[in-house]
Structure formats: C-alpha cells, structure tokens
Amino acid sequence: MAIEVRVPTILRSYTGGSKTVEGAGDTLIGLIDDLDAKHSGFKGRLITPEGGLHRFVNIYINDEDVRFLGALDAKLNDGDSVTILPAVAGGALGFAAAAALLGR
Amino acid sequence: MNGVLTIDRAIVDAIFAHARRDHPDEACGVIAGPAGSDAPTRFIPMDNSARSQTFYQFDSMEHLRVWREMDDNDEEPVVIYHSHTATEAYPSRTDINLAGEPGAHYVLVSTREPGLDEFRSFRIVDGAVTEEKVDIVDAKVDA
C-alpha cells in the first residue's frame, strides 16, 4: 500500500532532493523501516538509539501529530499522507538543561 | 560576515513588539516569503508552546498548519526568529543543535535591556553558525 511522505529540506539529502517519496507500511515504524531500506540513514534522523521517536522531530499522519496516535505504533492506511517536520525549537538554556526540562 | 538579510523596518518593529509583549518568556515566529525570493514579507508570530524564559518550541499543530499554508502559497520560511530575554542575541548551543531549516535566516533579538534593541541574523547549517549583515529598509509607499 502506498503512503505519500513529505520530506523536510534537511532530510532531502537522503531522498536525492525529492520533496515527497512513497513508502509502505501498516504502522509508522513499518513505514520508516521501508523508507530506510530505500534511503539509507533516514531512520537514524527520526528515531533515537533507544528506539523512540526523536523528541525534536514532528511526524503527522494526515492532520494529526503521531504522538496522539500511538507514536511509532500509529496505524497507517492506504492513501494516508505523512508529513515530517523538524521541530522549530531552541532558546538560551543550555542543551543538557533543556533536555532535562523536556524529560528526554 | 557573508550574506545579508534585507528586511522591512515594519517587520523588525513587529518582531520587537512581539518579543517585548512576551518578555520575560521567549517569543518566536516566522517571516514567510515567496519561494526562492529570499524576501521576508509575511509576519507570522507563533505560540511558544514551552512558555519558558529560556526555551522556545513551536506548537506542533500550529507548525503544521503554517507550513502547509506556506506550501499552498508557494512560500517558504525566509526568517525564523526568537528572543533571548536575559542574554545576548546570539545562537546558544541549543539553538545550533536544534536548527532544522538550513535555508532560513535565524534572527535573534534580545530584550535583556529595555531601551536597547539587539537584532542579529545568522545562518545555521550543520552546526556551523555564520553571522550575516542586516539591512533594514523602509518600505516604499506610493503617495
């Protein structure tokens, strides 16, 4: 089944510059594994070494943030559209302190 | 310094008004412009979902909505701005680590001194920060 994935500028080095790619999967993690097989290294930008969704990456299925849909276990259906956006975040606080504040 | 950010004075004023209004919390937002133009024309103040004096993060749903809107309008985020409220207008390590829009001018303002407007612009690409000149222009108004 085909899922259209919108790729942000910062990840287009993995997709040969393409803004959108197609992938397949019944769940978000299945889709990400499929994309990683076609675009090596892609997964590492979205998933932490511990296997969770990166705190500063937003992924949406259609109009919903996947954090409200079961995160990596979120179900996908044929024709769904997935959008990836790097969080826009920062601030004066040191990085370690920010990470602690945000419970990473 | 390489590069230059050319920006209308009215937009600079709007950024400071937003930053002063939210002080001592950090304020953040986007200036959209036509894709490929490098011209920041549409001021979009964003919610700081962190509501913090030392951290900012776009609300994820507002982020999606605004990025879709820009796509539909054939626009891109020309400027991403935020305020530091107790420190200088220079990217912190956090800002550098989290910068995810390599095509944007990252504008930092500081509201640490009530009467002093600090406004600086940077490119942040792959962890490297390059400050650029800021050219503030007065819009031409046809009389």
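Residues numbered from 1 in each chain as written. Chains lettered and ligands numbered in written order. Predicted model: local features only at pLDDT ≥ 70, side-chain atom pairs only at ≥ 80, totals over all residues. Heavy atoms only, no water.

### Overview of the sheet that holds strand β2 (residues 20-23) of chain A
Residue and element names in this part refer to chain A.
No. 1: If you walk across this open sheet you meet the five strands as β2-β1-β5-β3-β4, and the pairing is mixed. Only two strands of the sheet have a single neighbouring strand rather than two, namely β2 and β4 (64-65).
No. 2: Relative to β2, strand β1 (residues 3-6) runs antiparallel, the two sharing four bridges. Note on β2: the bridge partner recorded for E4 is E22.
No. 3: Contacts between helix α1 (residues 28-38) and the sheet are confined to β1, β2, β3 (57-61) and β5 (81-86), with β2 contributing the most and set at about 110° to the helix. (Pairing = 2+ DSSP bridges. Helix = DSSP H or I, 4+ residues; strand = E, 2+ residues; numbered from the N terminus. Contact = heavy atoms within 4.5 Å. Axes fitted to C-alpha atoms, helices over the stretch in contact; angles between N-to-C directions.)

### Remarks on the environment of A35(B)
Residue and element names in this part refer to chain B.
No. 1: Note that A35 resides in the loop between β2 (28-34) and β3 (42-46).
No. 2: Put simply, A35 and P77 are 42 residues apart on the chain and 8.5 Å apart in space, counted from C-alpha to C-alpha.
No. 3: If sequence neighbours within four positions are ignored, A35 has contacts with D74, E75 and E76.

### Topic: the environment of V88(A)
No. 1: Structurally, V88(A) is set in the loop between β5 and β6 (89-90).
No. 2: What makes V88(A) buried here is its relative accessible area of 5%.
No. 3: Setting aside anything within four residues of it in sequence, one finds V88(A) in contact with Y56(B), Q57(B), F58(B), H63(B), W67(B) and I80(B). (Buried < 20%, exposed > 50% of the residue type's maximum accessible area, 1.4 Å probe, protein only.)

### A short note on the sheet that holds strand β5 (residues 75-84) of chain B
Residue and element names in this part refer to chain B.
No. 1: Strand order in the open sheet made by the seven strands is β1-β8-β7-β6-β5-β2-β3, with mixed pairing throughout. Each end of this open sheet is capped by a strand with a single partner; those strands are β1 (4-8) and β3. Taking each pair of neighbouring strands and ignoring which way they run, the sheet shows an average axis angle of 30°.
No. 2: Examined bridge by bridge, β2 and β3 share five bridges and lie antiparallel to one another. The residue bridging I31 from the neighbouring strand is F43, located in β3.
No. 3: Each of β1, β2, β3, β5, β6 (105-110), β7 (118-125) and β8 (128-137) touches helix α1 (residues 9-22); the most contacted strand, β1, lies at about 85° to it.
No. 4: Strand contacts of helix α2 (residues 60-72): β2, β3 and β5, with the helix running at about 170° to β3, the strand carrying the most contacts.

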